[in-house]
Amino acid sequence: MQLIDIGANLAHDSFDDDRDAVLERAFAAGVGTIVITGSSDASNQRAAALAATKPGRLFATAGVHPHHAADYTAESDQCIRELAAKDAVVAVGECGLDYFRNFSPRDAQLDAFRRQLDIAKDCGLPVFLHQRDAHDDFVDVLEPFLPDLSRAVAHCFTGESESLREYLAMGLYIGVTGWICDERRGRHLHDIVPIVPDERLLIETDAPYLLPRTLRPKPKTRRNEPAYLTEVLKVVAKARDQSVEHVAKITTANARRFFNLPPSGSIPSEA
């Protein structure tokens, strides 16, 4: 199986000491392609630079997470636009709204979200979306842009049936993380993840966050990494009453289509 992790924060400083080893473990586990999430001015640059070190295996997004929306400037906007022109950068985001933490004022979040949707509209790249406790405003902002966007994914979906059905009706892809492996917070996802059509399902780790709690043996640390995408795959397949092989096949095909990634056979041997 060749899996694609559509969201891993590999530019995070928790990987600074062993990033190469983390990548090798991922590749050995069958996670052949990783999309590195950009979420701030600094991480966007790091993610794009890291993706460029392994063409065909690593890719990146460029955007400003709602936690950092208060820091969104004209320079941030220009940086995302410049990075979006690079081959290694395959989506705009992580962008959206987060009213759970409110690390940035809501007005700043709404403004940064709209500006990044404008970038995606202008450059033709898909959008990597974040939403937490902000469903109504999120839909109100996003919906008018959808006719002009190529594709959009609700990254790390953790919501309930009603919001899932609304996102699907809007044409969004759905990204499922190790949240579904959490018996405390993610039990409800087992009941609703079968609603997602085969052609809209994506899987991700959101590493270093959301370590799958079903992993056995338990890792020595709580840091998640792309190699553990196989655990997300297993739990999603069981919840959907589908084979692991089938879910691997459809999510890989969906990720290639969503991000317009090259076929696996085109990966340079030196990568």
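For the structure, see preceding data.
Below is a short write-up of the structure. Note that residues are indexed from 1 along each chain, following the sequence as it is written. Selection of residues for local features in this predicted model requires a pLDDT of at least 70, selection of side-chain atom pairs for listing and counting requires 80 or more, and totals for whole chains, interfaces and linings are taken over all residues. The side-chain numbers reported here are obtained from all heavy atoms of the structure, hydrogens and water having been left aside.

**Details of the pairing of strand β7 (residues 173-176)**
How we decide: Per-residue accessibility, obtained with a 1.4 Å probe over protein chains only, is compared with the maximum for each type, and a residue is labelled buried under 20%, exposed over 50%, and partly exposed between these values. Numbering goes from the N terminus for both helices and strands, where a helix is a DSSP run of H or I of at least four residues and a strand is a run of E of at least two. Only strands that DSSP links by at least two bridges are regarded as paired with each other. We call a crossover right-handed when, viewed with the strands running away from us, the connection from the first strand over the helix to the second turns clockwise.
Burial of the side chains of β7 extends over both faces: Tyr 173 and Gly 175 are buried on one face and Ile 174 and Val 176 on the other. Looking at chain direction, strand β6 (residues 152-154) and β7 are connected through two bridges and run parallel. Bridge pairing in β7 places Ala 154 opposite Ile 174. In the classification by handedness, the crossover that spans β6, the intervening helix α6 (residues 161-169) and the parallel β7 is right-handed. Examined bridge by bridge, β7 and strand β8 (residues 201-203) share three bridges and lie parallel to one another. Looking at β8, one finds that Val 176 is bridged to Ile 203.

**A short note on the nonpolar core**
Quick reminder of the rule: Throughout, nonpolar core names a set of buried Ala, Val, Leu, Ile, Met, Phe, Trp, Tyr and Cys residues whose side chains join them through atoms within 4.5 Å. By the convention used here, residues are in contact when the closest approach between their heavy atoms is within 4.5 Å.
Counting residues in hydrophobic clusters, the biggest one holds 80 residues, and the most contacted among them are Ile 34 and Leu 142. Sort the elements by how many residues they give to this core and helix α8 (residues 229-240) lands first, with seven residues. When residues no more than four places from it in sequence are discounted, the contact partners of Leu 142 are Phe 113, Leu 117, Leu 129, Leu 149, Met 170 and Leu 172. Counting 14 residues, the second largest nonpolar core, distinct from the first, contains Ile 4, Phe 59, Phe 258 and Phe 259.

**Focus: the pairing of strand β1 (residues 3-8)**
Burial analysis of β1 places six of its six residues in the buried class, which makes it a mostly covered element. When β1 meets strand β2 (residues 31-36), the two strands line up parallel, connected through four bridges. Looking at the pairing, Asp 5 lines up with Ile 34 of β2. Taken together, β1, helix α1 (residues 19-28) and β2 form a β-α-β motif whose crossover is right-handed.

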